Amino acid sequence: MTFFGLVVRNLWAKPVRSIGLALAVAFAVMAVVTLAVTSSGLEESAAAIISVGKADLTVVQKGAADILSSTIDKNELTSVRSTRGVANAVGVLVEIERINAANPAFIEIGIEPSDMAAFGVTLVAGRTYGATAAHEVMLGWRAAANLGLHVGSTFKANGTTNTVTGLFSTGNAFGDAGAMFPLPAIQGYNRVPGIVTLVFVKDVAGEKAAAVARRIEYRLPELTTIRTASQFGRADRTLVYLQAAVNGSTVLAILIGAVIVGNTMLLSLFERTREFGLLRAVGWTRWRTVSLLASESLILAVGGAGLGVGLSFMVATLLTHLPVLAGLLTPNFTADAFARALFTALGMTVVGALYPTIRAAVLPPIKAIQYE
Amino acid sequence: MSESPPAFETHGLTRTFPGHVEALRGVDLAVASGQTVAITGPSGCGKSTLLHLLAAIDVPTGGSISAAGRPLGEWPDLSEYRRSYVGLVFQFHDLIPRIPVSANVELPMFWTGRSPRARRERARELLELVDMGFAAHRLPTEISGGERQRVAIARALANDPAVLLADEPTGSLDSASTERVIDLFRALRDEGRTIVIVTHAVEVAAVADVVVRMRDGVVVEADPQARPPVVLGNADGLDRQAPDGRAHRARQGRLGRG
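Residues numbered from 1 in each chain as written. Chains lettered and ligands numbered in written order. Predicted model: local features only at pLDDT ≥ 70, side-chain atom pairs only at ≥ 80, totals over all residues. Heavy atoms only, no water.

**Quick word on the overall build of chain A**
Consideration 1: Of regular secondary structure, chain A possesses 13 helices and ten strands.
Consideration 2: Burial analysis of chain A (372 residues in total) assigns 51% to the buried set.
Consideration 3: Looking at chain A alone, contacts between residues at least 24 apart form 77% of all its contacts between residues at least 6 apart.
Consideration 4: Split by element, the accessible area of chain A, about 16400 Å² in all, is 65% carbon and sulfur. (Helix = DSSP H or I, 4+ residues; strand = E, 2+ residues; numbered from the N terminus. Buried < 20%, exposed > 50% of the residue type's maximum accessible area, 1.4 Å probe, protein only. Contact = heavy atoms within 4.5 Å. Areas by Shrake-Rupley, 256 points an atom, 1.4 Å probe, with all protein chains shown as cover.)

And the structure:
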């Protein structure tokens, strides 16, 4: 018999307990991973907003609750445009609107037609809307396909009926699934005249984006700049809080799981104390005896982690199909999610196994053999 | 020709448990290599404690133990000592019930560098030796108490230890099973293996070359039977003499088979 075979035998001797413990680990991992992948999906969606414009950097209001509540006025936009190193700055107003059950978070971008080229917008059908047109809209080609609309169709949004003048492509899936409105019109619909949400900045050739960002932040201390998704927290506190919640729940899951793992291991230790004494008596070292107990826990942890990821995948998929969440959640199974699953499972096992392992290690063989 | 050192030699061995319970009160004992020694005495006289100390699964509170001429404290690794120098048989066999009989026999061979296949083959060989080959794949719960004890003896022999230590090996067996276990010890004795058996049973003690009687934590008498005697004494330093008049060479531990 191999050591691994012995470990498996020991686990299989108490199948209900082993499966129960693996399930406990799995549920904890599932909770953590589901939260992580859904928040990662939200983060990715939010970060996608800043990449729509293909800018070198994005300027937003510092410390906004979320990026879409950022407000930048005309004067600030003018200041950004006049900052040294800025070749072009496009101000856009971004809003999210529920169009129908299938599109509960439809993105609407208010932008001047003259800024579209700089924003990376390519017209693929029809024409651009007029700069001050009141009831005209352009749809991203994905949005048009999803909604079954085309040039000349009518599209209801912001409480008005608009004519689709053209279809556009930004090369960004998030942007292409939205609509573009004349900037004054959407500012009017939302009663925020002269306000934009984001400013997309293209640097002068040869300028370093970091240097330009520093200049903007120096001139306009109430604004901040984002160059990568990882800097998103500068502007969007919601994602920071969400990340903190994910980390907090991971720690909580580890602690709760550790208590379960520790209790089960302790029970196993008490039941098998004589056995551990026997192994010591036939020549197993203290640590090899302990490694038997630890290996059993490790197998359950890794098995539980795998099962937890599988369950998480199922739960996350189910969540996306719930009518109230459809279109809002996009689970993002990244390597980080799998690492988090393993970290949670191993964390539970290591913390939970600590006391039983130490107790098993310090047990004198004679005490173990005479244990009743 | 140089004589081999005694398998065991103890000097002034004491073991006091919490509450000032003196299980051993100064035992001097030498067991020659190749000798079979039975330790007898009433319950609580310290014979099992002595065996546990010889097996290095317990630690004395005073005195010293040497094995093969080397103090136990100087053995680099007591796990290695327990694995290779001694083989231990308990009264209640202590087989792990979840794994097959053959796997139980393999347990001492883990971490010895033997491959799983080599361990399996050695276990099979040992089970044949104790007439338990037929039960190799059975669980311990599927065989009788006497058979389990024979498996425990096979396990104790797994790494071919210099010494076999047995603590009441027939204490929980019926007479037929006891007889088979005694036959096994007799065969091991006849092949020259050093054996120390703690027992109450007269028929088990009869297998021994020497019967050592203990009372109240001290050795009170040695009764060499048909074979050369064990050397024994107590903390008082008085060497004792076997009833047949042969002198015990206390603390010298030079006796072997004569």
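**A word on the environment of Gln187(A)**
Residue and element names in this part refer to chain A.
Consideration 1: Within the fold, glutamine 187 resides in helix α7 (residues 183-189).
Consideration 2: When its relative accessible area of 9% is taken as the criterion, glutamine 187 is described as buried.
Consideration 3: Separated by 93 residues in sequence, glutamine 187 and valine 94 place their C-alpha atoms 9.7 Å apart.
Consideration 4: What glutamine 187 contacts, discounting residues up to four positions off in sequence, is Leu93, Val192, Pro193, Gly194, Ile195 and Val196.

**With respect to the interface of chain B and chain A**
Consideration 1: Across the boundary between the two partners, chain B contributes 23 residues, which contact 23 residues of chain A.
Consideration 2: At the junction of chain B with chain A, the criterion picks out two salt bridges.
Consideration 3: The partner of Arg98(B) in a salt bridge is Glu275(A), and the shortest N-O contact between them spans 2.7 Å.
Consideration 4: Counting the contacts that link chain B with chain A gives nine residue pairs in polar contact (both at pLDDT 80 or more).
Consideration 5: Mapped onto the side of chain B that touches chain A, the elements with two or more residues apiece are α2 (78-85), α3 (101-106) and α4 (116-129) of chain B.
Consideration 6: Looking at the side of chain B that touches chain A element by element, the count peaks at three residues for α2(B).
Consideration 7: Taken together, the residues of the side of chain B that touches chain A sort by class into 13 nonpolar, two polar and eight charged. (Salt bridge = Lys/Arg side-chain N within 4 Å of Asp/Glu carboxyl O. Polar contact = N/O pair within 3.5 Å; in protein donor to acceptor, adjacent residues only side chain to side chain. Nonpolar A, V, L, I, M, F, W, Y, C, P; charged D, E, K, R; others polar.)

**Side note on a nonpolar patch on the surface**
Residue and element names in this part refer to chain A.
Consideration 1: Among the surface-exposed residues, Trp12, Ile19, Leu23, Phe27 and Leu307 lie close enough to one another that they form a single nonpolar patch of about 520 Å² accessible area.
Consideration 2: Broken down by element, the nonpolar patch gets its largest block of residues, three residues, from helix α2 (residues 15-52).
Consideration 3: For leucine 23, the location among the structural elements is in helix α2.
Consideration 4: Here leucine 23 falls in the partly exposed class, since its relative accessible area comes to 32%. (Patch = residues over 30% accessible without salt bridge, like charges linked within 9 Å, V, L, I, M, F, W, Y side chains within 5 Å.)

**Here's the deal with the side chain of Asn158(A)**
All names here are of chain A.
Consideration 1: Within the secondary structure layout, asparagine 158 lies in the loop between β6 (154-157) and β7 (160-169).
Consideration 2: Residue classification places asparagine 158 among the buried residues on the basis of a relative accessible area of 19%.
Consideration 3: Polar contacts involving the side chain of asparagine 158 include one to the side chain of glutamate 108, which spans 3.2 Å.
Consideration 4: Apart from residues no more than four positions distant in its own chain, asparagine 158 is found in contact with Glu97, Glu108, Phe181, Ile186, Tyr189 and Asn190.

**Here we look at the side chain of Thr199(B)**
Consideration 1: Mapped onto the fold, Thr199(B) is located in the loop between β8 (194-198) and α7 (202-205).
Consideration 2: Within the structure, the side chain of Thr199(B) is placed 2.9 Å from the backbone nitrogen of Ala201(B), a separation counted as a polar contact.

**Some details on the packing of aromatic side chains**
Consideration 1: Here the structure, examined in full by the defined rule, presents twelve aromatic pairs over all chains.
Consideration 2: Ring centres of Phe106(A) and Phe155(A) lie 5.5 Å apart, and the angle between their planes is 50°; on these two criteria the pair is classed as tilted. Taken together, the positions of Phe106(A) in strand β3 (residues 106-110) and Phe155(A) in strand β6 put the pair 49 residues apart, joining distant regions of the chain. Judged on exposure class, the residue Phe106(A) and its partner Phe155(A) are both buried.
Consideration 3: Between the aromatic rings of Trp75(B) and Tyr81(B), the centroid separation amounts to 4.9 Å while the plane-to-plane angle is 75°, which identifies the pairing as edge-to-face.
Consideration 4: These aromatic residues form a ring-pair network of at least three members: Phe3(A), Trp284(A), Phe110(B) and Trp111(B).
Consideration 5: Sitting above the plane of the Phe110(B) ring, Arg119(B) keeps its charged end 4.1 Å from the centroid. (Phe/Tyr/Trp six-rings, centres within 6.5 Å; stacked < 30°, edge-to-face > 60°. Lys NZ or Arg CZ within 6 Å of the ring centre and 35° of its normal.)

Scope: geometric values only; no functional claims are made or implied.
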